[in-house]
Amino acid sequence: MQNRPFLILKKDSVREMILEEKIVYATVEKNYICLKLVDGRIFRIRKSLQQFQEELTPNHFIRIHKRYVVCISYIRFVDSEVTMIVGDPLPIGREYKERFLSHFRIC
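Everything quoted here is computed from the prediction, not taken from an experiment. (Residues numbered from 1 in each chain as written. Predicted model: local features only at pLDDT ≥ 70, side-chain atom pairs only at ≥ 80, totals over all residues. Heavy atoms only, no water.)

K.L.:
Give a detailed account of the pattern of salt bridges, specifying residues and quantitative values.
P.N.:
Close approach of charged atoms allows side chains with opposite charge to pair. Using the criterion set out here, one finds five salt bridges in the structure. A salt bridge links E16 to R41; the nearest nitrogen and oxygen atoms lie 2.9 Å apart. In this pair, E16 sits in strand β2 (residues 14–19) while R41 sits in the loop between β4 (32–37) and β5 (42–45), placing the two residues 25 residues apart along the sequence. According to the relative accessible area criterion, E16 is partly exposed, its value standing at 27%. A salt bridge links R44 to E29, with the shortest nitrogen-to-oxygen separation between them at 3.0 Å. Of this pair, R44 sits in strand β5 while E29 sits in strand β3 (residues 23–29), placing them 15 residues apart in sequence. Its relative accessible area of 43% is what places R44 among the partly exposed residues. Since its relative accessible area comes to 36%, E29 is described here as partly exposed. (Salt bridge = Lys/Arg side-chain N within 4 Å of Asp/Glu carboxyl O. Helix = DSSP H or I, 4+ residues; strand = E, 2+ residues; numbered from the N terminus. Buried < 20%, exposed > 50% of the residue type's maximum accessible area, 1.4 Å probe, protein only.)

What follows is the structure, encoded as structure tokens:
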């Protein structure tokens with residue numbers, strides 16, 4: 001059986017185990033990170049985006065902006081911004097664009 005990374009997230013005093021692969025993206029909001037899940041739920045955790053990204057499985061998540069880390073599997077469209085499968089358009093920062101595009105073959 002493959003080892004699947006879990007996160008234990010707390011919302012309304014309930015701790016829930018969430019598969020890392022259910023995270024569509026993470027964004028910074030004041031002193032918190034908001035995690036948007038595939039089912040539309042949002043969890044807030046108190047951690048820096050850099051710390052959070054370092055804890056994630058490499059090559060599944062990529063930084064696209066100083067405020068956003070996205071799961072590559074949930075990208076729907078790429079243009080001047082990234083549109084996720086949940087419909088949210090997210091900006092691509094200039095300093096992140098080249099590295100982001102290098103993860104894909106452009107046909």
